[in-house]
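# Results of the structural survey
Residue-level listing of the chains:
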Amino acid sequence: MTGLLGKLKDKSNFSDTEKVISDYITENFRELANLSTRQLAKKTFTSSAAIVRFSQKLGFEGYSDFKTKFVSEMMRNIGKPQDTFISDVDTVNEILEKVFCIEVESLNETHEKITASQFIRALNYLSTAEHIDFYAMDNNLNLARMAAENFIMANKYSSVNTSTIMQFLSAYQIPKTHISFFISRTGENRILNDIAKILHEQDATIFSITSAGKSTLAKLSKVTFEVATTDKMEEPGPRVFLTGAKYVLDVLFALLMAKSDYKEAKRREEWLSKNFKY
């Protein structure tokens, strides 16, 4: 279980008082929105100070911030299946609902992991870059191709080499005006990490999308976007990562389009409509 609810259910590092608070709010979250710090303290037989400290322990400035976040997360979970494991006994409607919930939860979890400051930093690099080289393997190559096509439409020339040899060659003496963009779920793919090390030795600008923020690849990157994933193939594993990774790439594309010359983009679209007739 992920997210704030997962932390509350875990309780492994909670004191006895904190466990009481956690149990009460998870069982009575519908009334939480209308409870003040003092009222919640009274219902849990604790103190207002204990409620504030509990909220801060979970990473919030205070009880109000925690309450808003928790109630919002719980409302999103209402009506979701009890589990999202997909099995051969599921009906079509059940699978339809489970896959929907998996993808929505993937987006929610990724949204919680990334920050505006990461995109601002990435945009600073992208604004001066002349070319983006994508590095990926297997299913992630399809995502890299789609991203490269979008970035070209946003006036950032991009390319994807599907051959491993060509990926190594493109990393050899890479121009300083290039950004090397890696997509790797584990961040520990040996081939991709070897390529990243070659680039790192040249002080190249490396971006990465990975589910492991402390992975080898992440440590070699100047900008890392950590997205959701799962090791449970019943949920269906790598697809969760692809959903989060696409979200990050879509945000970057939107940022580039917002900064691009609208008239030039319009002329390019009109030119394509006129000349591309295949």
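Residues numbered from 1 in each chain as written. Predicted model: local features only at pLDDT ≥ 70, side-chain atom pairs only at ≥ 80, totals over all residues. Heavy atoms only, no water.

Time to look at the pattern of salt bridges. Counted under the stated rule, the structure contains seven salt bridges. The shortest N-O distance in the salt bridge between D250 and K246 comes to 2.7 Å. In this pair, D250 and K246 are both assigned in helix α13 (residues 237-259), four residues apart and thus about one turn of the helix distant. (Salt bridge = Lys/Arg side-chain N within 4 Å of Asp/Glu carboxyl O. Helix = DSSP H or I, 4+ residues; strand = E, 2+ residues; numbered from the N terminus.)

Here we come to the side chain of Q167. Position of Q167 among the secondary structure elements: in helix α10 (residues 164-171). A polar contact of 3.1 Å, which involves the side chain of Q167, links it to the backbone oxygen of A136. Once residues lying within four places of it in the same chain are set aside, the contact partners of Q167 are Y135, A136, M137, L141, N161, T162, L192 and I195. (Polar contact = N/O pair within 3.5 Å; in protein donor to acceptor, adjacent residues only side chain to side chain. Contact = heavy atoms within 4.5 Å.)

Another point: the nonpolar core. By size, the foremost hydrophobic cluster in this structure holds 31 residues, and its most contacted members are F134, I209, F225, L249 and L252. Those elements that provide at least two residues to this core are α8 (116-128), β1 (131-136), α9 (139-153), β3 (178-183), β4 (205-210), β5 (223-226) and α13. If we skip the residues at most four places from it in the chain, L249 touches F134, L143, A147, F151, F181, I183 and I209. I25, F29, L58 and F70 belong to the second-largest nonpolar core, a separate cluster that totals 21 residues. (Core = buried A, V, L, I, M, F, W, Y, C linked by side-chain atoms within 4.5 Å. Buried < 20%, exposed > 50% of the residue type's maximum accessible area, 1.4 Å probe, protein only.)

In this section: α9. Over its 15 residues, α9 runs 23 Å from end to end, which matches the ideal 21 Å to within 8%, given 1.5 Å per residue. Phi for N155, located one or two positions after α9, is positive at around 70°. (Expected span 1.5 Å × (residues − 1).)

All right, on to the packing of aromatic side chains then. A complete count under the given rule lists 10 aromatic pairs for this structure. Each ring, one from F14 and one from F54, has its centre 5.4 Å from the other, and the planes form 70°; the classification is edge-to-face. On the criterion of sequence distance, the pair formed by F14 in the loop between α1 (3-10) and α2 (16-27) and F54 in helix α5 (residues 48-57) is long-range, its members being 40 residues apart. Side by side, F14 and F54 carry an identical accessibility label, which is buried. Taken together, a centroid distance of 4.8 Å and an interplanar angle of 40° make the contact between F119 and F225 tilted. With a gap of 106 residues between them, F119 in helix α8 and F225 in strand β5 connect regions that are remote in the sequence. Taken together through their ring pairs, the aromatic side chains of F14, F54, F60, F66 and F70 make up a single cluster. (Phe/Tyr/Trp six-rings, centres within 6.5 Å; stacked < 30°, edge-to-face > 60°.)

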